[in-house]
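Working through the structure, step by step
The lines below spell out each chain.
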Amino acid sequence: MKHRFIIFYLLLVTYNTSAQREPDRIYMEGIQTVKLFQQNDQQSVPLIRLGSADQLELHFDDLSGMARNFFYTYELCNADWKPALLNPFDYLKGFTQNRIAQYRMSSIAMTKYMHYQVLLPERSCMPSKSGNYLLKVFLNGDTSKLAFTRRVMIVDDRVNIGARISQPFNSSQIRTHQKVQVTVGAKDLNIMSPQQQTKLVILQNNRWSDAAYNLQPSFIRGNALEYNGEQDAVFPAGKEFRWADLRSFRFESDRVERVDRSEFPHHIFIRPDLQRNDLRYAFFNDRNGWNEISTTESINPWWQGDYAKVEFTLVPSNGQPYPGKEVFIVGEMTGNQASDSSRMVFDTEKGVYKKLLFLKQGYYSYQYLTKDTRDRSAKAEPSLTEGNYWETENEYLILFYFRPFSGRHDELLGVTRLNSRNFGNGF
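Cut-offs and rules
Residues numbered from 1 in each chain as written. Predicted model: local features only at pLDDT ≥ 70, side-chain atom pairs only at ≥ 80, totals over all residues. Heavy atoms only, no water. Helix = DSSP H or I, 4+ residues; strand = E, 2+ residues; numbered from the N terminus. Rg over C-alpha atoms; globule rule 2.2 N^0.38 Å. Buried < 20%, exposed > 50% of the residue type's maximum accessible area, 1.4 Å probe, protein only. Areas by Shrake-Rupley, 256 points an atom, 1.4 Å probe, with all protein chains shown as cover. Lys, Arg positive; Asp, Glu negative; His and termini not counted. Charge placed at Lys NZ, Arg CZ, Asp CG, Glu CD. Phe/Tyr/Trp six-rings, centres within 6.5 Å; stacked < 30°, edge-to-face > 60°. Pairing = 2+ DSSP bridges. pLDDT = per-residue confidence, 0-100. Contact = heavy atoms within 4.5 Å. Salt bridge = Lys/Arg side-chain N within 4 Å of Asp/Glu carboxyl O. Axes fitted to C-alpha atoms, helices over the stretch in contact; angles between N-to-C directions.

Moving on to the overall build of the chain. Counting its regular elements, the chain contains 4 helices and 30 strands. Here the C-alpha atoms of the chain give a radius of gyration of 23 Å, agreeing with the 22 Å that 2.2 N^0.38 yields for 427 residues. Judged by the C-alpha coordinates and their principal axes, the chain covers about 65 × 60 × 40 Å. Counting over 427 residues, the chain shows a buried share of 54%. Here the chain displays about 20000 Å² of accessible surface, and carbon together with sulfur accounts for 50% of that area. For the chain, the separation between the mean place of its 52 positive charges and that of its 48 negative charges on side chains is 3 Å.

Encoded structure:
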């Protein structure tokens, strides 16, 4: 019996690993506007403290036109978002699956949808360990009918993290990139091998696709780990994000060129965006890729907000496609990823790139990135479309992971967030 149990457990782990889905993806047709954030703050990462009363808000719409039974579960992951080799009963208190019971049919909006929402975590399904979790939402209690996934982070504050933004020493990057220097005070941890037991991850503007992963300390001074490698955490600075104010479909904001109301849903044309890499830097308050679901003409935007087809246009300087490059429109509205869902199409007749998105009323911020078509592993970057300027205001999220020698997953023991304009030095 003991051997059978071990074989069954290994098969279960293998199945869970093979069934792992990519984070922050929508898999089911008709699911729209998935938002997961700290309670009452739409511009925040889904992160809570272990054992605290912190909560996250999950919102999403289902355009199927009828109420359906959605369930959710958590899957514990390591720092690289691959599944940890632990049974769900080892990291979840209560049930492993919960039904989303709060939903409501849209009202006022011309587009009919069912809006679902829930406050997480619920007492009946409570994560008990710190680390990365993959939130999986699926239909009818069947995990194979996956609707979407979202990242959730639970931190156990046991280390102090200090960070600053500086200019790289590399002369070719000094005016175009930003370098993040980090010091971690880990006096309460028994770190025998920092290279094996610790991992540092740094995100710029909440983009996991170009995060600096698994950084290792350059210096160890007593209980302090210093991360100061010359090329370890150097990010293209980009430029302030573009925006589109779609909080009202009747009042056309300054970024709206025209609205075609003969179509249903309405077709909104955003004013063409020009290539900005040859323009001088100018600071203005932006939202660093975040979007906010809101309206100016209704009470509750979650179930009274309407939808529209929104067309974005990028105008290259010479009216020709960028040779050997693909163009993507990136922001929270496209999952902060340079993927098929955000790839733009070049219109040869008009000499512009276009992208049509189905968006709910709200305020959206975005930017255009390019990616080498010959190198699929290359990161998307803004130098051709937006330009890179050291002075640009960017947000950085720093995550510190630790695994004891007896541990079986990466624990998240420290988080800090900083802004390049408030914490930086240089020219």
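Time to look at the packing of aromatic side chains. Summed over the entire model, instances satisfying the criterion amount to 21 aromatic pairs. Relative to Phe-148, the ring of Phe-60 lies with its centre 5.0 Å away and its plane at 65 degrees, an arrangement referred to as edge-to-face. Of this pair, Phe-60 sits in strand E3 (residues 56-62) while Phe-148 sits in strand E11 (residues 142-155), placing them 88 residues apart in sequence. Geometrically, the ring pair formed by Tyr-322 and Tyr-353 is stacked, given 5.8 Å between the ring centres and 10 degrees between the ring planes. Pair noted here: Tyr-322 is in the loop between strand E24 (307-315) and strand E25 (325-330) and Tyr-353 is in strand E27 (residues 352-360), with a separation of 31 residues, a long-range link.

Taken in spatial order, the 5 strands line up as E2-E11-E10-E4-E6 in an open sheet, and their pairing is mixed. Two strands lie at the open edges of the sheet, namely strand E2 (47-49) and strand E6 (98-99), each paired on one side alone. Bridging between strand E10 (residues 131-139) and E11 involves 9 bridges; their strand directions are antiparallel. Its bridge partner being in E11, Leu-139 is matched across the sheet by Asp-142.

Turning our attention to the confidence of the model for the chain. Per-residue confidence for the chain averages 91 on the pLDDT scale, and 94% of its residues sit at or above 70. Low pLDDT, under 50, characterises residues 2-19; the stretch is placed with 11 contacts to residues that sit more than four places away or in other chains.

A few words on the pattern of salt bridges. Enumeration according to the criterion identifies 28 salt bridges in this entry. Asp-273 serves as the salt-bridge partner of Arg-255, at 2.5 Å between the closest nitrogen and oxygen. Note that Arg-255 is positioned in the loop between strand E19 (242-245) and strand E20 (256-260) and Asp-273 in strand E22 (residues 273-274), a separation of 18 residues in sequence. Summarising the burial analysis for this pair, Arg-255 and Asp-273 share the class buried.

So, on to the sheet that holds E3. The strand order E1-E3-E8-E7 describes an open sheet built from 4 strands, whose pairing is antiparallel. Edge positions in the open sheet fall to strand E1 (31-38) and strand E7 (103-105), since each of these has one partner strand only. Between one strand axis and the next, the sheet turns by 15 degrees as a mean value, whatever way the strands run. When E3 meets strand E8 (residues 114-120), the two strands line up antiparallel, connected through 7 bridges.

Along the chain, the position of Met-105 falls in strand E7. Along the backbone, Met-105 and Asp-61 are 44 residues apart, and their C-alpha atoms lie at a distance of 9.5 Å.

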